[in-house]
Amino acid sequence: MPPPGVCLNIMKTRHKKDGYGSLASPEKFLNQDFNQLKQYCLVQGVRYIDEFFPPDRNSIGQGVVNPSDLSRIEWLRPRKIVPNPAFIVDGVSRFDFGQGIVGNCWFLASIGALTFQNHILVQVVPLEQSFDEDYCGLFHFRFWRFGRWVDVVIDDKLPTIDGRLIFVHSTTPNEFWPALLEKAYAKVCGSYSDMSAGTPSEALVDFTGGVHICFQLADASPNLWQLMFRAAQSKSLMGCGTPQGETSANTVAPNGLVEGHAYTVTGVKQVMSRGEAVNLVRLWNPWGQGEWIGDWSDKSPLWQTVSREDRDMCLAVDDDGEFWMAMGDFCRFFSDLDICSLCPDFLDGNSSCHWKSSFHDGRWVAGTTAGGCTNYRDSFWTNPQYRVKIQGLLDECAQKQGEKNMLVSLMQKPDKRNRRLVKNLHIGFMIYELTEEYRKQQGKFPASFFNTHLPVAQTKTYMNAREVMEFFTLKPGEYLIVPSTFKPNETASFILSILSKAETHIHENSGDHSHMEVEKPVGTEGRGEEDKRTLFRQYSDQYQEVDAQRLQMLLNEKILQGDLKAGGFSLDACRSMVALMDTSITGKLNGDEFLRLWKKVVTYKDIFFRTDVSRTGTLSLTELRNAIMASGIKVSDDMLNILALRYGDSTLNMTLESFINLVLRMDCMYSIFKQLSEGMVMSLRESEWLFISMYT
């Protein structure tokens, strides 16, 4: 168990601005410190070999290389491939590389977009690296991974066959930044084969940690091109994809486009053709070749209808994978568009109005906080809840009628390192408006609220994607956001991101955030007081007191006889009870202290059996939530999850003994914290984490 205060320190560090895990101080992936490793290699005079991503078959992965070719793979350092390797040659460009044998066009399309924004590129690719001064075969790159920037260390051994790179390769043979960047991302994903199949949005977000918006082109709005133009002006990254064909293979269609393939949006321009304005989009194929052959392609006669200036500025007839097409054809032949930006100001073109952002980590836990969607009326309310207060817009941000002003994103975190093993759940969220009668309510909203209220906004559908997002128009007021999986009892972690043009105040809504409160539970007392004292005297010593050992016999043999399921209270549990109820500080319980304990024990026993609706003699996680609430104790979802793991058995069910021990501790400790709070300000979350660090 960690010493007192550790949990609080972790929480403070995690949420500290520019702290560990920020871009200024990225987390060391797999605890590998680039500077320390480099210093060691230089002092020892050795070339670095990465033990966590070694040059072997495991790092290649399964299914990406023919079995007959696996034995031919040789991992070579760049100096063994070419005589004069360089990290970068004549700057960085999308034309520097082409795709290899792994199906990671989505990743390479994102690199193509990255090359347009040098201020973002330098965050991902430290440019000071080289094969010259202080070279020791060691390189590093940075990615944003689910709320944390990580610094990823690799060696420069690259897989080759007959001296040729089998994965991404540079058009300039002695340039190696693309191959090394791909290797670093393969390490994060688990292997090269784990990079197979994906969407550009995944890597675009990992390159920026920014705001991602996805547009389905089949129902694109009329002003989408204008939005793309503003996105390009604001230095956003853009990628897109074509629909999958009849097979999973990347088949080249008659129009030159590759089916089920990712492309980079590299330009947006309007030209005049025959007196009419034509909106064009420029795209790039990460294969480095293979282009659209329809209207406005490289050899299209339509280029003869524009001014010479536009033609010279736009047109290049090289087979480099880049081409133009009309916006109408783009929406017709492509399925989706991803835009990723450090700031979504481009959405409305109002540069004087800056969006405010808020990010929250959360978790669904089977049995406690994984209630499923609204199809499951009895459990939906148990999902994490977030309360949002939206204030009015400033004058410079004046909103037009119907203009959208809030973006909500829900991203699920993986529970496995290997990307191909991650099974995304179907996720979504609902937003409810809180009328005046509900604004003063503290704590989690119960099932009755959701049974009588409809959401004012929600995700269109639950999707098994890494991230879902929706763009809304919400008037000033208070709202409740409820993220959920489609099915109940599915455990996963998530990040909820909320961006708004207006000033917003957001907090997690699972408990009372102003103070801690213990309500008086309703219970039964059983025997009369004189009968209790008579029984107490039978077990007490000559000083009319009971120690932990005598208390154990009294509880197990007389008070709870027949109700115990797992052997009764342990001696250690009874020592804890004595310590908690011993107000006279003698190390034993006198008659009055024992009567107070008996009253609590009988009350909690009554609550236990009233909430054990399954009649199993134990509490499931769902029943535990109801039992703790019936005990009058308010706890947050995070604490409830931890308590279930700490006090439940191997099947996460809780016996009567464990429940009484748990609630008794919480009751006593919350009384102490309430006294402490009179002398210092302590939030519910801080108090709970202090309780967890000291008493679990």
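Here the structure is a predicted model, which is why all the values come from computation and not from measurement.

What counts and how
Residues numbered from 1 in each chain as written. Predicted model: local features only at pLDDT ≥ 70, side-chain atom pairs only at ≥ 80, totals over all residues. Heavy atoms only, no water. Helix = DSSP H or I, 4+ residues; strand = E, 2+ residues; numbered from the N terminus. Buried < 20%, exposed > 50% of the residue type's maximum accessible area, 1.4 Å probe, protein only. Contact = heavy atoms within 4.5 Å. Areas by Shrake-Rupley, 256 points an atom, 1.4 Å probe, with all protein chains shown as cover. Core = buried A, V, L, I, M, F, W, Y, C linked by side-chain atoms within 4.5 Å. Phe/Tyr/Trp six-rings, centres within 6.5 Å; stacked < 30°, edge-to-face > 60°. pLDDT = per-residue confidence, 0-100. Pairing = 2+ DSSP bridges. Axes fitted to C-alpha atoms, helices over the stretch in contact; angles between N-to-C directions. Polar contact = N/O pair within 3.5 Å; in protein donor to acceptor, adjacent residues only side chain to side chain. Arc of directions from axis to C-beta. Salt bridge = Lys/Arg side-chain N within 4 Å of Asp/Glu carboxyl O. Parallel < 35°, antiparallel > 145°, perpendicular 65-115°, else oblique. Left-handed = near helix turned anticlockwise from the far one by under 90°. Nonpolar A, V, L, I, M, F, W, Y, C, P; charged D, E, K, R; others polar.

A word on the overall build of the protein
In terms of helices and strands, the protein carries 21 helices and 23 strands. Sorting the 696 residues of the protein into buried and exposed places 53% on the buried side. Within the protein, contacts between residues separated by at least 24 positions form 75% of all contacts whose residues are at least 6 apart in sequence. Put simply, the protein shows about 31,800 Å² of open surface, and 49% of that area lies on carbon and sulfur atoms.

Regarding the nonpolar core
Counting 62 residues, the largest nonpolar core has Ile60, Phe107, Phe141, Phe143, Leu180 and Leu181 as the members making the most contacts within it. For this core, the secondary-structure elements that each account for two or more residues are α6 (105-114), α7 (118-124), β4 (138-145), β5 (148-155), β6 (158-161), α8 (177-189) and α9 (200-208). Here this core takes 9 residues from α8, the largest share from any one element. Ignoring anything within four residues of it in the chain, the contact list for Phe107 reads Leu181, Glu182, Tyr185, Met195, Ala203 and Phe207.

Some words on the packing of aromatic side chains
When we look at a pair of aromatic rings, we describe it by the centre distance and by the angle of the planes. Taken as a whole and assessed by the stated rule, the structure comprises 36 aromatic pairs. Ring centres of Phe131 and Tyr135 lie 5.6 Å apart, and the angle between their planes is 40°; this geometry places the pair in the tilted category. Residue classification places Phe131 among the buried residues on the basis of a relative accessible area of 1%. Chaining the aromatic ring pairs together yields one cluster made of Phe87, Phe131, Tyr135, Phe139, Phe141 and Phe176.

Comments concerning the confidence of the model for the protein
Summary statistics for the protein give a mean pLDDT of 80 and a share of 85% for residues scoring 70 or more. Note on residues 1-18: pLDDT is under 50 here. Beyond four places in sequence and across chains, it has 21 contacts. Considering only residues more than four positions removed or in separate chains, one finds that residues 512-526, a stretch of pLDDT under 50, has 40 contacts.

Describing the sheet that holds strand β10 (residues 237-241)
Taken in spatial order, the 6 strands of this open sheet run β9-β14-β10-β11-β12-β13, and their pairing is antiparallel. Two strands close off the open sheet at either side, each with one partner strand: β9 (211-216) and β13 (322-326). Neighbour to neighbour, the strand axes of the sheet diverge by 35° on average, direction disregarded. As judged from the 3 bridges shared by β10 and strand β11 (residues 262-273), these two strands associate in the antiparallel manner. By the bridge assignment, Cys240 is partnered in β11 with Tyr263. Where α6 meets the sheet, it contacts β10, β11 and β12 (276-284), and its direction lies at approximately 50° from that of β11.

Considering unusual backbone geometry
Despite not being glycine, Phe146 has its phi angle at roughly 55°, a positive value. Exposure remark for Phe146: the relative accessible area of 11% places this residue in the buried category. Within the chain, Trp296 stands out as a residue other than glycine whose phi angle is a positive 70°. Mapped onto the fold, Trp296 is located in the loop between β12 and α11 (308-314). Assessed through its relative accessible area of 5%, Trp296 is described here as buried.

Remarks on the environment of Leu551
Structurally, Leu551 is set in helix α15 (residues 548-559). For Leu551 and Leu571, which are 20 residues apart along the polypeptide, the C-alpha to C-alpha distance reads 8.8 Å. With residues up to four places along the chain from it excluded, the contact list for Leu551 reads Val546, Cys574, Met577, Val578, Leu589, Phe594 and Leu597.

Looking at the pairing of strand β21 (residues 477-485)
For β21, the buried fraction is high: 9 of the 9 residues fall into the buried class. Neither face of β21 is open: one carries Gly477, Tyr479, Ile481, Pro483 and Thr485, the other Glu478, Leu480, Val482 and Ser484, and all of them are buried. Pairing analysis gives 5 bridges linking strand β16 (residues 386-390) to β21, with the strands arranged antiparallel. What sits directly across from Lys389, in β21, is Glu478. Two strands pair when backbone bridges link them, and strand β18 (residues 427-434) and β21 are joined in this way by 8 bridges, in the antiparallel orientation. Bridge pairing in β21 places Met430 opposite Val482.

A look at the pairing of strand β20 (residues 467-472)
Burial analysis of β20 places 5 of its 6 residues in the buried class, the great majority of the element. In this sheet, β20 lies alongside strand β17 (residues 406-413) in antiparallel orientation, the contact comprising 6 bridges. Within β20, the residue paired with Val408 across the bridge is Glu470.

So, the sheet that holds β5
Hydrogen bonding along the main chain pairs the strands of a sheet, whether they run parallel or antiparallel. Reading across from one edge, β1-β5-β4 is the order of the 3 strands in this open sheet, with mixed pairing throughout. Each edge of the open sheet carries a strand with a single partner, namely β1 (27-28) and β4. Sheet analysis places β4 next to β5, joined by 8 bridges and oriented antiparallel. Across the sheet, residue Phe139 finds its bridge partner in β5, namely Ile154. Across the sheet, α8 is in contact with β4 and β5; its angle to β4 comes to roughly 55°. With respect to the sheet, α9 is in contact with β4 and β5, its orientation differing from that of β4 by roughly 105°.

With respect to α15
Among the residues of α15, Ala548, Leu551, Leu554, Leu555, Asn556 and Ile559 are the ones counted as buried. The backbone nitrogen of Gln549 lies 3.3 Å from a side-chain oxygen of the residue at the head of α15, namely Asp547.

With respect to helix α10 (residues 224-233)
At 3.6 residues per turn, the α-helix brings residues three or four places apart onto the same side. For α10, the full list of buried residues reads Leu224, Trp225, Leu227, Met228 and Ala231. For α10, the angular spread of buried residues about the axis comes to 160°, placing them on one side. Tucked into the core, α10 has its buried residues touching β9, β10, β11, β12, α12 (327-333) and β14 (336-341).

Re the pattern of salt bridges
Tallied over the full model, the rule gives 21 salt bridges. Salt-bridge contacts for Arg72 lead to Asp69; the nearest nitrogen and oxygen are separated by 3.1 Å. In this structure, Asp606 engages Arg610 in a salt bridge whose closest nitrogen and oxygen atoms are separated by 3.0 Å. In this pair, Asp606 and Arg610 are both assigned in helix α17 (residues 591-611), 4 residues apart and thus about one turn of the helix distant.

Considerations on the side chain of Asn174
Looking at the secondary structure, you find Asn174 in the loop between β8 (169-170) and α8. Among the polar contacts made by the side chain of Asn174, one reaches the main-chain carbonyl oxygen of Asn84 at a distance of 3.2 Å. Not counting residues up to four positions away in its chain, the partners in contact with Asn174 are Val82, Asn84, Pro85, Ala86 and Val89.

Focus: the packing of α6 against α9
Remark: α6 packs on α9, axes separated minimally by 8 Å, with the N-to-C direction vectors making an angle of 45°. One finds that α6 runs oblique with respect to α9. Where α6 crosses over α9, the handedness of that crossing is right-handed. On α9, the residues that touch Trp106, Phe107, Ser110, Ile111, Ala113 and Leu114 of α6 are Pro200, Glu202, Ala203, Leu204 and Phe207. Of the residues that constitute the contact of α6 with α9, the class distribution is 9 nonpolar, 1 polar and 1 charged.

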